[in-house]
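Summary of structural features
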Amino acid sequence: MTTRNTGKTDPETSRKSSLATLRGLSPFLRPYRRQFLLAGIALLFAAGATLAIPAAFKQMIDLGFGAAGAASATAAAGAAIEGGSLEHINATFLALFGVAAVLAVATAARFYMVSWLGERVTADIRSAVYGHVVRQSPEFFETTRTGEVLSRLTTDTTLIQTVVGTSISLALRNTLLFFGGLVMLFVTSPRLTSIILGLLVLVVLPIVLFGRRVRKLSRDSQDRIADASAVAGEILNAMPTVQAFTREGHESGRFGKEVEGAFTTAMRRIRARSTLTMLAIVLIFGAIVFVLWLGAHAVLEGTMTGGDLGQFILYAGIVAGSVGALSEVMGDAQRAAGATERLLELLGAQSEIQDPLQPKALPARTENGARVTLDDVTFAYPSRLDEAALSHLALDIRPGETVAVVGPSGAGKTTLFQLLLRFYDPQAGAIRLDGVDVRDLALHTLRGAVGIVPQDTVIFSLDAMENIRYGRPDASDDEVIAAARMAAAHDFIERLPQGYTSFLGERGVRLSGGQRQRIAIARALLKNPPLLLLDEATSALDAESERLVQRALEAAMVGRTTIIIAHRLATVQRADRIIVLDEGRIVESGTHAELIALRGVYANLAALQFQTHAPVAA
Ligand SMILES: Nc1ncnc2c1ncn2[C@@H]1O[C@H](COP(=O)(O)OP(=O)(O)OP(=O)(O)O)[C@@H](O)[C@H]1O
């Protein structure tokens, strides 16, 4: 099991994760090599132009102002030299402007390319992670909260966007400026530069040590945000329950606590980061001021020209600036390393349920539907391995048969459906559809052959037409309407304000329970599956809705095998066979009359369960 808890890693692993984790991004960067190359070229030009500016200044000072100053002092040679220095001044100013123009164009080009890359790569990562997550088996969603996944998709990807879209280019540019500036410093004054380098060791060491602390705190901070999102996600999905129990205060308090936790952790990171910044600036500028003080003495002693010192100051500024920028970038990169690690964890999660390497095909469909065979199936949920939800289940359902499954709550009825859809695999035994083990079928073949009407219908925030079409996107409007008619949904849909194009609201809040069910039945019918799984709603419907839903179900069962988790007398009476499950075992099996005569579990269950809303027997 690869993903147990995507949110947290122990401190030991998070320390190891470091910047190397960013390498995990390379599959996402590789497709854009060309763009990276172009951005790199623009970057080179921009860095080159930046490095040329101090040299141009030196020219201006030494040859321009310096010569002009000398010229005015010597009256005799005045005119001739003044002409020469004017030319110099014009040429150096022109050159300076040229350099600035190159800098402008190259910087804009770099910004454009790099921002494009940041957005592009982030979009790719978001899609890849989401695409991977929606293919996970239910087990994944039992251990990973949806809010956490959402936070990964938004917050974490944004951090990566910062790195790809800004930090990489900043890092490269400043590395170039750092080394370029250093070379130029050497050229200008080897002695002063050697002193600077000696001081640099003293400066870098504390920065690196502090950087580590910032990295660890960054990961903690992101984890706290994910925790808060997870809490919010869970509660927002359960608003009616929260409000019905008037727990709004409690819930906002709980979220508030998570947010405060995130704030406290963020503050620790911010404090460490501020200290890091202060440390960097004090150390770097301290060193520079010291070296400049030496430089000023050198000019007074005549071992350096004013232009040299000017140039040295500018290069020193560039080098110091680049070190400062690099330390900032390191902070961002470390945050992104944490984010990358978590996203890669999500991407690395292996679904327990995989397509077989060589999927088999189903035999040609018979007109009655599919045969379903359960061969001594034993299954326990992965989170509760010591307690079998189904044990030694053996069942052979003929094509076209309607089997009602009844049993007390927790008997394993829903679990049976989960296994038939292969959301889980049994630990022992096999499930066969038309004689083929479901593990040998491609998931889309298996699930394509099964239609399900769940107890709680999911209505998507689409219109009625698209909601029914969900299971078969290529169905025509006429086919959708025909399915709706069969499911007794056509009339009420027609009466909606915009008929089939009426928006059904998020999770179908604008429909009644019976209407939602009929939409679900129409959705399953449109798919025309050889095997239909119906989970009858437990909530009582009014007599009219009940009649309509029953009518829809009858239509749905024609020409296919149906397994129905039954809660209504009318349904069990109509079934060809009733299977009574208790504690994961089949305890009785037969028709309604036979089972009543047995006076066993079913007779008891029928007396209790079907009494309350038993409609007139069909
Ligand atoms: N995801 C899960 N992880 C662990 N145990 C589970 C899970 N889902 C169900 N169970 C357990 O498996 C057993 C069978 O549950 P199942 O949902 O199949 O019962 P059911 O017959 O459908 O009940 P009901 O009529 O109340 O819906 C129960 O003991 C239940 O607690």
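None of these values were measured; they are calculated from a predicted model. (Residues numbered from 1 in each chain as written. Predicted model: local features only at pLDDT ≥ 70, side-chain atom pairs only at ≥ 80, totals over all residues. Heavy atoms only, no water.)

Examining the overall build of the protein chain
Applicable threshold: For helices the rule is a DSSP run of H or I covering at least 4 residues; for strands it is a run of E covering at least 2, with both sets numbered from the N terminus onward. For this measure, only C-alpha atoms enter the radius of gyration; the expected value for a globule follows 2.2 Å times N^0.38, where N is the number of residues. Each residue's exposure class comes from its accessible area (1.4 Å probe, protein chains only) as a fraction of the maximum for that residue type: buried when under 20%, exposed when over 50%, partly exposed otherwise.
When its secondary structure is counted, the protein chain shows 20 helices and 10 strands. In terms of overall size, the protein chain is more extended than a compact globule, its C-alpha atoms giving a radius of gyration of 37 Å where 618 residues would be expected to give roughly 25 Å. Dimensions of the protein chain, computed from C-alpha atoms along their principal axes, come out at roughly 130 × 50 × 50 Å. Every one of the 618 residues in the protein chain was classed for burial, and the buried ones make up 46%.

Description of the site of the ligand
Using the following cut-off: What makes a residue near a molecule or strand is one non-hydrogen atom of that residue sitting within 4 Å of it. Polar contact is defined as a pair of N or O atoms within 3.5 Å, subject to the rule that within protein one atom must be able to donate a hydrogen and the other to accept it, and that residues adjacent in sequence are counted only when both atoms are side-chain atoms. Each accessible area value is a Shrake-Rupley result obtained with a 1.4 Å probe; residue values ignore everything except the protein chains displayed when judging cover. Classification used: nonpolar for Ala, Val, Leu, Ile, Met, Phe, Trp, Tyr, Cys and Pro, charged for Asp, Glu, Lys and Arg, polar for all others including Gly.
Taken together, 14 residues surround the ligand, and among them Glu142, Ser409, Lys413, Thr414 and Thr415 come closest. In this structure, an oxygen atom belonging to the ligand sits 3.1 Å away from a side-chain N or O atom of arginine 384. Between threonine 414 and the ligand, the recorded distance is 2.4 Å, taken from a side-chain N or O atom to an oxygen atom. Computed on the free molecule, the ligand has an accessible area of 630 Å², of which 70% lies beneath the protein chains in the complex. The dominant element in the shell around the ligand, judged by the number of residues it contributes, is helix α11 (residues 413-420), at three residues. Looking at the shell around the ligand residue by residue, the class counts come to five nonpolar, six polar and three charged.

Observations regarding the pattern of salt bridges
Test applied: The working definition used for a salt bridge is a side-chain nitrogen of Lys or Arg within 4 Å of a carboxyl oxygen of Asp or Glu.
Counted under the stated rule, the structure contains 19 salt bridges. We note a salt bridge from lysine 360 to aspartate 440, for which the minimum N-O separation is 3.4 Å. Highlighted residues: lysine 360 in the loop between α10 (306-348) and β1 (372-379) and aspartate 440 in the loop between β5 (436-437) and α12 (443-448), separated in sequence by 80 residues. Residue classification places lysine 360 among the partly exposed residues on the basis of a relative accessible area of 46%. The closest approach of N and O atoms between arginine 371 and aspartate 396, which form a salt bridge, is 2.9 Å. Here arginine 371 is found in the loop between α10 and β1, whereas its partner aspartate 396 is found in strand β2 (residues 390-397), with 25 residues between them in sequence. Each member of the salt-bridge network shares a partner with another, and the members are Glu148, Arg152, Asp156, Asp223 and Arg342.

A few points about the nonpolar core
Just so we agree on the cut-off: Here, nonpolar core refers to any group of buried Ala, Val, Leu, Ile, Met, Phe, Trp, Tyr and Cys residues whose side-chain atoms link them within 4.5 Å. Domain boundaries shown here were taken from an automatic or database domain assignment.
Membership of the largest hydrophobic core comes to 46 residues, with the highest contact counts inside it found for Ile468, Ile493 and Ile521. Counting only domains with at least three residues in this core, you end up with domain 2 (368-449 + 530-542 + 557-612) and domain 3 (459-528). Counting 33 residues, the second-largest nonpolar core is a separate cluster that includes Ile431, Val436, Leu441 and Leu581.

Looking at the sheet that holds strand β6 (residues 450-453)
What counts here: At least two DSSP bridges between two strands are needed for those strands to be called paired. Lines fitted to C-alpha atoms define the axes, with helix axes restricted to the stretch in contact, and inter-axis angles between N-to-C directions lie between 0 and 180 degrees. It only takes one pair of heavy atoms within 4.5 Å for two residues to be counted as in contact.
Spatially, β6-β7-β8-β3-β9-β10 is the arrangement adopted by the six strands of the open sheet, whose pairing is mixed. The sheet terminates laterally at β6 and β10 (585-590), the two strands that pair on one side only. When strand polarity is set aside, the average angle formed by the axes of neighbouring strands in this sheet is 20°. Two strands pair when backbone bridges link them, and strand β9 (residues 577-582) and β10 are joined in this way by five bridges, in the antiparallel orientation. From the neighbouring strand, isoleucine 578 faces β10, where its bridge partner is glycine 590. Against the sheet, helix α16 (residues 513-527) makes contact with β6 and β7 (531-535), and its axis sits at roughly 175° relative to β6, the strand it touches most.

Let's talk about the confidence of the model for the protein chain
How we decide: Summary of the metric used: pLDDT quantifies the predictor's per-residue confidence within the range 0 to 100.
Per-residue confidence for the protein chain gives a mean pLDDT of 82, with 90% of residues at or over 70. Low pLDDT (under 50) marks residues 67-81, which in the prediction has six contacts with non-local residues, meaning those over four places away or in another chain. When the criterion is pLDDT under 50, residues 612-618 qualifies, and its contacts beyond four places in sequence or with other chains add up to 10 contacts.

Some remarks on the packing of aromatic side chains
Applicable threshold: Stacked, tilted and edge-to-face are the three classes assigned to paired rings of Phe, Tyr and Trp, where Trp is represented by its six-membered ring and a pair needs centres within 6.5 Å; plane angles under 30 degrees give stacked, over 60 edge-to-face, the rest tilted.
Under the definition given, this model contains eight aromatic pairs. Plain terms: the ring middles of phenylalanine 290 and tryptophan 293 are 6.3 Å apart, the flat faces sit at 25° to each other, and that makes the pair stacked. Placement of both phenylalanine 290 and tryptophan 293 in helix α9 (residues 248-301) is noted, with a separation of three residues, approximately one turn of the helix. Summarising the aromatic geometry, the rings of phenylalanine 379 and tyrosine 381 are spaced 5.0 Å apart at their centres and angled 70° between planes, so their arrangement reads as edge-to-face. Relative accessible area serves as the criterion here: at 2%, phenylalanine 379 is assigned to the buried category. Ring-pair connections join several aromatic residues into one group, and the members of that group are Phe379, Tyr381 and Tyr424.

Thoughts on the sheet that holds β2
Strand order in the open sheet made by the four strands is β2-β1-β4-β5, with antiparallel pairing throughout. The open sheet is flanked by β2 and β5, the only strands paired with a single partner. In the sheet, strand β4 (residues 428-433) pairs with β5 via two bridges, with the strands oriented antiparallel. Paired with leucine 433 across the strands is valine 436, a residue of β5. Of the strands in this sheet, β1, β2 and β4 touch α11, which is tilted by about 115° from β1.

A look at the domain arrangement of the protein chain
Short version of the rule: Take the accessible area each of two parts loses on contact, using a 1.4 Å probe, and add the two losses: that sum is the buried area.
On domain assignment, one finds that the protein chain holds domain 1 (11-348), domain 2 (368-449 + 530-542 + 557-612) and domain 3 (459-528). Computed over C-alpha atoms, the centres of domain 2 and domain 3 are 27 Å apart. Each partner contributes residues to the interface: domain 2 has seven residues there, and domain 3 has seven residues. Carbon and sulfur atoms make up 53% of the area that domain 2 and domain 3 hide from each other, which totals about 540 Å². Where domain 2 packs against domain 3, one counts zero salt bridges. There are two residue pairs in polar contact (both at pLDDT 80 or more) connecting domain 2 and domain 3. For the side of domain 2 that touches domain 3, the per-class residue count stands at four nonpolar, one polar and two charged.

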